[in-house]
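The lines below spell out each chain.
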Amino acid sequence: MYPESTTGSPARLSLRQTGSPGMIYSTRYGSPKRQLQFYRNLGKSGLRVSCLGLGTWVTFGGQITDEMAEQLMTLAYDNGINLFDTAEVYAAGKAEVVLGNIIKKKGWRRSSLVITTKIFWGGKAETERGLSRKHIIEGEDALRHLRAPTPPLSLLPASRLYTQTVPRLALSPGRPPPAVSPSLTTETVRAMTHVINQGMAMYWGTSRWSSMEIMEAYSVARQFNLTPPICEQAEYHMFQREKVEVQLPELFHKIGVGAMTWSPLACGIVSGKYDSGIPPYSRASLKGYQWLKDKILSEEGRRQQAKLKELQAIAERLGCTLPQLAIAWCLRNEGVSSVLLGASNADQLMENIGAIQVLPKLSSSIIHEIDSILGNKPYSKKDYRS
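Residues numbered from 1 in each chain as written. Predicted model: local features only at pLDDT ≥ 70, side-chain atom pairs only at ≥ 80, totals over all residues. Heavy atoms only, no water.

(A) Representation of helix H11 (residues 322-331) within the structure. Counting buried residues in H11 gives ten out of ten residues, a clear majority hidden from the surface. Considered for burial, the residues of H11 that qualify are Leu322, Pro323, Gln324, Leu325, Ala326, Ile327, Ala328, Trp329, Cys330 and Leu331. (Buried < 20%, exposed > 50% of the residue type's maximum accessible area, 1.4 Å probe, protein only. Helix = DSSP H or I, 4+ residues; strand = E, 2+ residues; numbered from the N terminus.)

Written out as structure tokens, the structure is:
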């Protein structure tokens, strides 16, 4: 857990009551009500992002139709979400195209959006992947879907893009790519600085980098007067805690790197939908996700399902769903700037957005009860309040 927030901390929250874009319309989760949206600084940068973002992994350009993708983005935007995440590898590049086309069609103010994309797994050729200067700069051309110059108000311009470079982005959590060498780190930081200086992006960060690799990138940036990363995109949920709760706090306090987390429901495991097996059309039933199916059906997976049944009782006491409890649990971490959501339908997205209303209910006693059930709270010797 991070120390209590102070002025200038990325954990410092501000409440902004929105106008009509803040109205939630849902017959399933209650009558229309005005939603209070939380905004946080991304790391120690001045970039303000919604504490919930919408991701496009698996869904955009793949699992869902373009019409459903537009509906999800519209719901997210109308409820105050300004952060949308994609990557060059998602649906072989189709996710970026779908995202850009929706922004063009909706005609949203370009200054109101923060788009994050990731680069590493680009194409089949040897020069079309990795973190060389060549691939990083040429890979930015893929962002033309997000910043076409005409019509002038149609797509997000380069000056509004936030780009993440991702040497450790894997096609599945079970397939991590090799670590980044010091020499490649220098080339990568120089290339990302060039991208920013050319107006192709405003900030850059990392995804699935180790703490040592992030510190190396920061050191290179400081040594050669280059632009350092401002955040790390990391997996974080009730069954994956070590990095975000122990390692990243040190990076924030030392160099200002914030946390943008993904998979708050552990690819759907925490939602409880796998308690009786693998339902059809779920993510674990999709082609290429055998690793997820095996994980769910393993002995560890069965133990996790047993813990989720106990957590369900807490959710019922708080008057929320298990997914809402899990997302609010991620948000309660003061070091998390934003939690990326994945959704395949409107009801699911609206339910997840409702987690913001659960956050104030997570008292210290509730958190202690959750920790007792999970039995996996990481231990850190550091106390950053001293």
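(B) Structural context of the confidence of the model for the protein. Averaged over all residues, the pLDDT of the protein equals 78, while 74% of them reach at least 70. Segment residues 1-37 is flagged for pLDDT under 50; beyond a separation of four residues in sequence, or across chains, it makes 85 contacts in the model. Scored below 50 in pLDDT, residues 148-177 makes 127 contacts in the model with residues more than four places away or belonging to other chains. (pLDDT = per-residue confidence, 0-100. Contact = heavy atoms within 4.5 Å.)

(C) Summary view of the environment of Ile356. Mapped onto the elements, Ile356 comes out in helix H13 (residues 355-358). Among the residues examined, Ile356 registers a relative accessible area of 3% and is labelled buried. In this structure the C-alpha to C-alpha distance between Ile356 and Phe38, which are 318 residues apart in sequence, comes to 8.1 Å.

(D) Fine view of the pattern of salt bridges. If you walk through the whole model with that rule in mind, you get 13 salt bridges. For the salt bridge of Arg129 with Glu126, the shortest nitrogen-to-oxygen distance reads 2.9 Å. A relative accessible area of 27% means that Arg129 is categorised as partly exposed. What makes Glu126 exposed here is its relative accessible area of 61%. The shortest N-O distance in the salt bridge between Arg303 and Glu299 comes to 3.9 Å. Taken together, the residues Arg303 and Glu299, both in helix H10 (residues 299-318) and four residues apart, mark about one turn of the helix. (Salt bridge = Lys/Arg side-chain N within 4 Å of Asp/Glu carboxyl O.)

(E) Layout of the nonpolar core. Grouped together as the largest cluster of nonpolar side chains are 92 residues, with contacts concentrated most on Phe60, Phe84 and Leu325. A total of eight residues in this core trace back to one element, the largest contributor, which is H11. Look past the residues within four positions of Leu325 in its chain and what remains in contact with it is Met238, Leu311, Ile314, Ala315, Leu318, Cys320, Leu362 and Ile370. Counting residues in hydrophobic clusters, the runner-up holds ten residues, among them Leu83, Val114, Ile230 and Cys231. (Core = buried A, V, L, I, M, F, W, Y, C linked by side-chain atoms within 4.5 Å.)

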